Amino acid sequence: IVENVIIAENTVVGMVGQDIFIKGGDGARDFLVLNNAFWNKIGESVYATNSGTASQAQQNHSHVVIAHNTWASQQFNLRTQDTYNPDRFCLFANNVLRRINWLGPADADLKIADNHIFEGWAAPALGTGTTIAGNYNTLFADPANGDFTPTTLLQGMARAPKVGYNRKRNKRGENCPPGAD
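Quick caveat, the model's predicted, so the values are computed rather than measured. (Residues numbered from 1 in each chain as written. Predicted model: local features only at pLDDT ≥ 70, side-chain atom pairs only at ≥ 80, totals over all residues. Heavy atoms only, no water.)

Our focus in this paragraph is the sheet that holds strand 6 (residues 54-57). If you trace the four strands from one edge of the open sheet to the other, you get 3-6-9-13, paired in parallel fashion. If you trace the sheet from one side to the other, it starts and ends with strand 3 (21-22) and strand 13 (100-102), each paired once. Direction of pairing for strand 3 relative to strand 6: parallel, over a ladder of two bridges. Bridging across to strand 6, Ile22 finds its partner in Ala57. (Pairing = 2+ DSSP bridges. Helix = DSSP H or I, 4+ residues; strand = E, 2+ residues; numbered from the N terminus.)

See the structure below:
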């Protein structure tokens with residue numbers, strides 16, 4: 001499927017692999033990836049520490065919005081060295097994750113805004129409004145057991161939402177923490 005895809009309001013716990021991998025032979029058009037929360041199982045095969053586990057985007061993207069997701073144990077790779085080419089209608093915003101990683105040159109067509117990444121990493125090139133603090137142990141109540149409730153630390157990173165409702169279908173306030181909940 002390369003067009004008109006919605007991936008929304010999922011809770012994934014104990015996965016071993018990439019949570020989101022958007023690639024299409026002809027590219028990806030009109031994708032919405034919203035309000036998802038992911039926790040990857042630690043201690044399995046190449047994912048033993050989750051240190052390099054990554055969701056990622058490749059090839060041409062048009063109107064792809066990735067917003068208000070929680071990757072409690074993954075980073076997200078933007079693979080421009082491997083044909084990733086977003087158009088000016090693409091958005092990566094209000095997510096919480098280990099880091100946002102350009103693999104290849106940064107592409108200014110992708111708007112990267114208001115994300116939160118874990119301590120120890122730098123804000124992504126071309127990103128605006130990025131906050132940096134904590135990790136999965138300090139940002140969420142209990143992600144390994146499906147509780148992605150933001151802790152006080154993450155609640156302190158509030159910003160204007162891009163999506164009006166959260167993963168639990170509660171209306172977001174005028175300002176709210178990034179991520180799915």
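With respect to the helices and strands, the residue His116 is situated in strand 15 (residues 116-117). Engagement of the side chain of His116 in a polar contact is seen with the side chain of Thr131, the distance being 2.7 Å. Apart from residues lying up to four places away in sequence, His116 is in contact with Asn95, Val96, Leu97, Thr131, Ile132, Ala133, Leu139, Leu154, Met157, Arg159 and Pro178. (Polar contact = N/O pair within 3.5 Å; in protein donor to acceptor, adjacent residues only side chain to side chain. Contact = heavy atoms within 4.5 Å.)

Of all hydrophobic cores here, the largest spans 22 residues; its most connected members are Ile22, Ile66, Trp71, Phe76, Leu78, Phe92 and Leu110. Of all the elements in the fold, those that place two or more residues in this core are strand 4 (28-34), strand 7 (60-67), strand 9 (75-78) and strand 13. Ranked by residues supplied to this core, first place goes to strand 4 with three residues. Apart from residues no more than four positions distant in its own chain, Leu78 is found in contact with Ala57, Tyr84, Ile100, Asn101, Trp102, Leu103, Leu110 and Ile112. Of all hydrophobic cores here, the second largest spans 12 residues; its members include Trp39, Val96, Phe118 and Leu154. (Core = buried A, V, L, I, M, F, W, Y, C linked by side-chain atoms within 4.5 Å. Buried < 20%, exposed > 50% of the residue type's maximum accessible area, 1.4 Å probe, protein only.)

Below, the discussion takes up the pattern of salt bridges. Using the criterion set out here, one finds six salt bridges in the structure. Among the salt bridges present, the one from Glu3 reaches Arg29, with a minimum N-O distance of 3.6 Å. In this pair, Glu3 sits in strand 1 (residues 3-8) while Arg29 sits in strand 4, placing the two residues 26 residues apart along the sequence. By relative accessible area, Glu3 is classed as partly exposed at 37%. For Arg29, a relative accessible area of 29% puts it in the partly exposed group. Where salt bridges share partners, they join Arg167, Lys168 and Asp181 into one cluster. (Salt bridge = Lys/Arg side-chain N within 4 Å of Asp/Glu carboxyl O.)

Of note, Glu9 is a non-glycine position whose phi angle comes to about 60°, a positive value. Following the sequence through the fold, Glu9 ends up in the loop between strand 1 and strand 2 (11-15). On the basis of relative accessible area, Glu9 is assigned to the partly exposed category, the value being 28%. Even without being glycine, Asn35 reaches a positive phi, approximately 60°. When you line up the elements, Asn35 lands in the loop between strand 4 and strand 5 (37-40). Residue classification places Asn35 among the buried residues on the basis of a relative accessible area of 4%.

Here strand 5 shows a buried face lined by Ala37 and Trp39 and a second buried face lined by Phe38 and Asn40. As defined by bridge partners, strand 2 adjoins strand 5 across four bridges and the pair is classed as parallel. Residue pairing in the sheet places Val13 in a bridge with Trp39 of strand 5. Pairing geometry for strand 5 and strand 8 (residues 70-71), over two bridges, is parallel. Residue pairing in the sheet places Phe38 in a bridge with Trp71 of strand 8.

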